[in-house]
Amino acid sequence: MNLVEGNIWKQLILFALPLAATSMLQQLFNSADLLVVGQFANSNALAAVGANGAIIHLLINLFVGLSGGTNVLVSTFIGQKNKEGIAKTIHTSITFAVVSGVFLAIVGQFIAKPALSIMGTPIEIMDMAVTYFRVYFAGMPFIMLYNFVSSIYRSKGDTRTPLLILLGAGILNVGLNLLFVIVFHMDVAGVAIATVVSNGASAIVLLCLMAKDKGELGFRLKDLGINWQIFKRMLSIGIPGGLQGSMFSISNVIIQSAMNSLGPIAIAANTVAQTYENFCFFFCGSFGQASLTFVGQNYGAGNFKRCREAARKALVLGMCSALLMSTIFCVFGKFWAGLYTTDPEVIRLACFRLTFATMFAFLNGTDQVFSGAMRVYGYTIMPAIISCVCICGTRLGLIFTVFQSHPSFGLLTAMYPISWGLSNIFLFIAYFAILKKVKAKMAKNEENVQVVQGGEA
């Protein structure tokens, strides 16, 4: 997809919808785990899988955030038509994905029980939670590889290929879940193994397709390695994004620890509601990724006006689509929660969270779109600081003050929309201040080019 010309509204939708569907399928990996253990095992097995969510996301986000650096660099090089830069970035990213995935797989085996213990995981679900954690992390090389290679595809405007591959992997995952849990009675170990196998299949197929590409976006085994100049640039862009995602996850780990103190029923309800909440985030995230790629390619091509238009329109589309999804989940909350469990108390609490947190999930559109654009413009630290202070700071502050004296499911639910709203205010201010600086910088560059061209004439 050529993102430096054409109708922005149409291109954003064509780019973002397959990406949103891909994210949904990734969520369905975990959702299928929850559905199967919730319906064919018991509530403790459901809680054991859910208790892993926050800590798994923490460790993954720290590394996967670097894939944002890959996206920015490749899309910018595409805009500049820099074939050498594209090839070096691709092979550096894939090498890093494999190495970091192996590292996480090894570390995960040692930190499983200590990490879950620190989070206050109830003793009655501890063994099952540890088992799920260890098996899941054994497949981390595949998860990292898929995320980085998908980022490369997004950079060139292709979001359909990762979707089609993940669709097949999702079907495989569901089939293996049912086989391992119903037939072999493996509960949490079975759904974890199914997730690892399906993730591995999607990563390998996607990489094989890249190997068949004979152009500058193709993968060559002999070219694997780290280009340190590219790697430093990737780190400078990706680390703040990774830390930002990790700070979100750290706050969620602490919130999960607080949720664990309320017992297995609250854990299960929170897990069910967050599953649907994530679907709303996917629309914000998909249009945020679309904006990042659009801004990257057009910034590389020197078209600042189109950069601003893409970010603005991506924000509108992301927020509206997320609001539509959240409305559907809230209105039919009992039905959606009932897909995961028959426990009436779990359903009641899940519906409460769907109503009072999920309805405000659209506010994440600002974070996704503006943070991505600021990173392309070279301002990588600012969005990370805002998120850490406004979102993480607010949540942790409430946890260590109000929750200590008034522990409740409702308070933990209210933390999310409060922190999102506060972050939006400061992101708006920072984004438009940065736009003025970037506009002045690009205008000055154009003047210098004109002076040089005039001198040569």
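Residues numbered from 1 in each chain as written. Predicted model: local features only at pLDDT ≥ 70, side-chain atom pairs only at ≥ 80, totals over all residues. Heavy atoms only, no water.

J.: Would you explain the environment of Gly-338 in this entry?
T.: Relative to the helices and strands, Gly-338 is located in helix H13 (residues 333-338). Exposure remark for Gly-338: the relative accessible area of 28% places this residue in the partly exposed category. Distance in space between the C-alpha atoms of Gly-338 and Arg-233 is 47 Å, their sequence separation being 105 residues. Other than its neighbours up to four places away in sequence, Gly-338 contacts Gln-39 and Ile-347. (Helix = DSSP H or I, 4+ residues; strand = E, 2+ residues; numbered from the N terminus. Buried < 20%, exposed > 50% of the residue type's maximum accessible area, 1.4 Å probe, protein only. Contact = heavy atoms within 4.5 Å.)

J.: What exactly am I supposed to notice about the pattern of salt bridges here?
T.: Where side chains of opposite charge bring their charged atoms close, a pairing between them can arise. Applying the stated criterion to the full structure yields 4 salt bridges. Of the charged contacts in the structure, one is a salt bridge between Glu-84 and Lys-88, with a shortest N-O distance of 2.8 Å. With a gap of 4 residues between them, Glu-84 and Lys-88 both fall in helix H5 (residues 83-118), about one helical turn apart. Exposure remark for Glu-84: the relative accessible area of 52% places this residue in the exposed category. Here Arg-348 and Glu-345 are joined by a salt bridge, their closest N and O atoms 2.7 Å apart. Separated by 3 residues within a single helix, Arg-348 and Glu-345 lie in helix H14 (residues 344-356), roughly one turn from each other. Take Glu-345: its relative accessible area is 33%, and that puts it in the partly exposed class. (Salt bridge = Lys/Arg side-chain N within 4 Å of Asp/Glu carboxyl O.)

J.: Help me understand the nonpolar core in this model?
T.: Nonpolar side chains in soluble globular proteins tend to be buried together. Formed by 145 residues in total, the largest nonpolar core has its most connected members in Ile-55, Ile-94, Met-140 and Tyr-377. At 19 residues, helix H11 (residues 264-300) tops the list of elements feeding residues into this core. Ignoring any residue separated from it by four or fewer positions in sequence, one finds Met-140 in contact with Ile-60, Gly-101, Leu-104 and Ala-105. (Core = buried A, V, L, I, M, F, W, Y, C linked by side-chain atoms within 4.5 Å.)

J.: Even after reading the chapter, I still don't get unusual backbone geometry, so can you show me in this structure?
T.: Most peptide bonds are trans, and most residues other than glycine sit at a negative phi. Even without a glycine there, the phi angle at Lys-81 is positive, about 60 degrees. In this fold, Lys-81 is placed in the loop between helix H4 (66-80) and H5.

J.: What is the right way to look at the environment of Thr-380 in this model?
T.: Here Thr-380 shows up in the loop between helix H15 (364-376) and helix H16 (381-400). The buried category is assigned to Thr-380, whose relative accessible area is 10%. When the C-alpha atoms of Thr-380 and Ala-129 are compared, they prove to be 36 Å apart, with 251 residues separating the residues in sequence. If near-sequence neighbours (up to four positions away) are discounted, Thr-380 is found in contact with Ser-236, Ile-237, Pro-240, Met-374 and Arg-375.

J.: Teacher, can you tell me more about the packing of aromatic side chains here?
T.: Geometrically, a pair of aromatic rings is defined through the distance of the ring centres and the angle of the planes. Inspection of every chain in the model, using the stated rule, returns 26 aromatic pairs. Here Phe-370 and Phe-432 contribute two aromatic rings whose centre-to-centre distance is 6.1 Å and whose plane-to-plane angle is 80 degrees, an arrangement assigned as edge-to-face. In this pair, Phe-370 sits in helix H15 while Phe-432 sits in helix H18 (residues 409-456), placing the two residues 62 residues apart along the sequence. With a relative accessible area of 3%, Phe-370 lands in the buried category. An aromatic cluster of at least three residues, connected via ring pairs, comprises Tyr-276, Phe-279, Phe-282, Phe-329, Phe-335 and Trp-336. (Phe/Tyr/Trp six-rings, centres within 6.5 Å; stacked < 30°, edge-to-face > 60°.)

J.: Would you explain the packing of H5 against helix H6 (residues 123-138) in this entry?
T.: Each packed pair of helices is defined by two parameters, the angle between the axes and the distance between the axes. Where H5 contacts H6, the two axes come as close as 8 Å, and the packing angle between them is 160 degrees. Taken together, the axes of H5 and H6 are roughly antiparallel relative to one another. The chirality of how H5 crosses H6 is right-handed. Between H5 and H6, the residues in contact are Leu-104, Ala-105, Gly-108, Gln-109, Ile-111, Ala-112, Lys-113, Leu-116 and Ser-117 and Met-126, Ala-129, Val-130, Phe-133, Arg-134, Phe-137 and Ala-138, respectively. Its residues placed into classes, the contact of H5 with H6 shows 11 nonpolar, 3 polar and 2 charged. (Axes fitted to C-alpha atoms, helices over the stretch in contact; angles between N-to-C directions. Parallel < 35°, antiparallel > 145°, perpendicular 65-115°, else oblique. Left-handed = near helix turned anticlockwise from the far one by under 90°. Nonpolar A, V, L, I, M, F, W, Y, C, P; charged D, E, K, R; others polar.)

J.: How should a nonpolar patch on the surface be read in this particular structure?
T.: Where nonpolar side chains cluster on the molecular surface, the patch consists of Leu-35, Leu-324, Ile-328, Val-331, Phe-332, Phe-335 and Leu-339 and spans about 650 Å² of accessible area. Top element by residues in the nonpolar patch is helix H12 (residues 304-331). It accounts for 3 residues. Along the chain, the position of Phe-335 falls in helix H13. (Patch = residues over 30% accessible without salt bridge, like charges linked within 9 Å, V, L, I, M, F, W, Y side chains within 5 Å. Areas by Shrake-Rupley, 256 points an atom, 1.4 Å probe, with all protein chains shown as cover.)

J.: I'm lost on the packing of H4 against helix H7 (residues 140-155) in this one. Help?
T.: Relative orientation of the contacting elements H4 and H7 amounts to 25 degrees, with a least axis distance of 8 Å. Comparing their axes, H7 and H4 come out roughly parallel. For H4 against H7, the interelement crossing comes out right-handed. Facing Leu-66, Ser-67, Thr-70, Asn-71, Val-74, Ser-75 and Ile-78 of H4, the residues of H7 in contact are Asn-147, Phe-148, Ser-151, Ile-152, Arg-154 and Ser-155. Residue composition of the contact of H4 with H7, grouped by class: 5 nonpolar, 7 polar and 1 charged.

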